[in-house]
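# Structure at a glance
One letter stands for each residue in the lines below.
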Amino acid sequence: MIKKISVFCGSSIGKKPAYRRGAEEMGRLFAANGLELVYGGGNIGMMGAIADAVLEKGGTVTGVIPEGLIDKEIAHGQVTEMHVVEDLMERKKMMIRISDAFIVLPGGFGTLDEMFEVVTMLQLGYIRKPAGILNTEHYYDDLIKMMNKGVQEQFVKPLHRENIIVEDEPEALLNRILEFQPVENEPKWIDQLRKENRYL
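These notes cover the structure that comes with them. Being a predicted model, the structure only gives us computed values, none of them experimental. (Residues numbered from 1 in each chain as written. Predicted model: local features only at pLDDT ≥ 70, side-chain atom pairs only at ≥ 80, totals over all residues. Heavy atoms only, no water.)

A few words on helix α2 (residues 45-56). A rise of 1.5 Å per residue sets the reference length of α2, with its twelve residues, at 16 Å; its end C-alpha atoms lie 17 Å apart and thus fit the reference within 8%. Of all twelve residues in α2, nine are buried; the element is thus mostly enclosed. Among all positions of α2, only Gly45, Met46, Met47, Gly48, Ala49, Ile50, Ala51, Ala53 and Val54 are buried. For α2, the elements touching its buried residues are β1 (4-8), α1 (17-32), β2 (36-39) and β3 (61-66). (Helix = DSSP H or I, 4+ residues; strand = E, 2+ residues; numbered from the N terminus. Expected span 1.5 Å × (residues − 1). Buried < 20%, exposed > 50% of the residue type's maximum accessible area, 1.4 Å probe, protein only. Contact = heavy atoms within 4.5 Å.)

It is worth spelling out helix α4 (residues 109-124) at this point. For an α-helix, 3.6 residues make a turn, and residues three or four places apart therefore share a direction. Between its first and last C-alpha atoms α4 spans 22 Å; for 16 residues at 1.5 Å apiece the expected length is 22 Å, and the two agree. Every buried residue belonging to α4 is among Thr111, Glu114, Met115, Val118, Val119, Met121 and Leu122, and all of these are buried. Buried residues of α4, seen end-on, are gathered within an arc of 165 degrees and therefore sit on one face of the element. Summarising the contacts, the buried residues of α4 are in contact with β1, α3 (88-98), β5 (101-104), β6 (131-134), α5 (141-152) and β7 (164-167). Positive backbone phi, at 85 degrees, marks Gly125, one or two positions downstream of α4. (Arc of directions from axis to C-beta.)

With that settled, the discussion passes to the pattern of salt bridges. Tallied over the full model, the rule gives seven salt bridges. Notably, a salt bridge pairs Glu137 with Lys16, separated by 3.9 Å at the nearest N-O pair. Residue Glu137 is found in the loop between β6 and α5, and its partner Lys16 is found in the loop between β1 and α1; the two are separated by 121 residues along the sequence. Glu137 gets classed as partly exposed once you look at its relative accessible area, which sits at 44%. Relative accessible area serves as the criterion here: at 35%, Lys16 is assigned to the partly exposed category. The partner of Glu90 in a salt bridge is Lys93, with the nearest N and O atoms 3.6 Å apart. Remark: Lys93 and Glu90 occur in helix α3; sequence separation between them is three residues, near one turn of the helix. Of the residues examined, Lys93 reaches a relative accessible area of 51% and is grouped as exposed. Several salt bridges converge on common partners, so that one network encompasses Lys92, Asp113 and Glu117. (Salt bridge = Lys/Arg side-chain N within 4 Å of Asp/Glu carboxyl O.)

With that out of the way, let us pick up the layout of surface pockets. Quantified by volume, the largest pocket comes out at close to 360 Å³. What lines the largest pocket is a set of 26 residues, and nearest its centre among them are Cys9, Gly10, Ser11, Gly108 and Thr111. Listing elements by their share of the lining of the largest pocket, those giving two or more residues are β1, α2, α3 and α4. Residue composition of the lining of the largest pocket, grouped by class: twelve nonpolar, nine polar and five charged. (1 Å grid on protein atoms, 1.4 Å probe; cavity = no way out; pocket = protein on both sides within 12 Å on 5 of 7 lines; lining within 4 Å. Points joined across faces, edges and corners; volume = space filled by probe spheres on them. Nonpolar A, V, L, I, M, F, W, Y, C, P; charged D, E, K, R; others polar.)

As for its position among the elements, Glu36 is in strand β2. Buried charge Glu36 goes without a salt bridge, the closest partner of opposite sign being Lys4 at 4.1 Å. Leave out the neighbours within four places in its chain, and Glu36 touches Lys3, Lys4, Ile5, Phe30, Thr60 and Thr62. (Lys, Arg positive; Asp, Glu negative; His and termini not counted.)

For sheets, the rule is that strands pair by backbone hydrogen bonds, running either parallel or antiparallel. Here seven strands make up an open sheet; going across it, the order is β4-β3-β2-β1-β5-β6-β7 and the pairing parallel. Of all the strands in the sheet, the pair left with one neighbour each is β4 (81-85) and β7. Along the sheet, successive strands turn relative to each other by an average axial angle of 20 degrees, direction set aside. Here β5 pairs with β6 via three bridges, running parallel. Within the sheet, the bridge partner assigned to Val104 lies in β6 and is Ile133. α2 rests against β1, β2 and β3 of the sheet, and its axis sits at about 160 degrees to β2. Relative to β7, helix α7 (residues 170-179) is tilted by about 155 degrees, and along the sheet it contacts β1, β5, β6 and β7. (Pairing = 2+ DSSP bridges. Axes fitted to C-alpha atoms, helices over the stretch in contact; angles between N-to-C directions.)

Remember, this is a structural readout, not a statement about activity or role.
Printed below as a string of structure tokens:
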């Protein structure tokens, strides 16, 4: 059963008001569904928007912030629980370990790093937890095209792409996350090539 969901998102609020609205709506949905938010611990940008929305509706929020970013990301002072960790790697490890699912909101390089860490672990079978992208205002259209091209060019297996849920609206994404079961992993292409004696 899904109780805790990690949300990866930007410490910037972005250019369009829709980004904030999407984060706030997702936060309200978390609280309404009794879901605990696990996030990067900041009170600015998209991070602050979703955390504030959860807290305003009486929900539970757990922050995970590296000690070196407490001032840069301005650690949130009202979260239910705050974990201060050594670095970004430890932040990701803790968020992945304590969460039952993952949602990606608009963000920058750090958000992409966190997203692909989860996607890779899911692909390799280290975790079996749902992962989804909120494609607010089509922010991730080009990234989704790139992932689909990876399938077309046979660098990404179709089932691994299918394990990444994409929706434009918070409620639709959350509903799919709560219902989704990642597809079981298959043997890697290299194993199939070896079986066919095509790998040198």
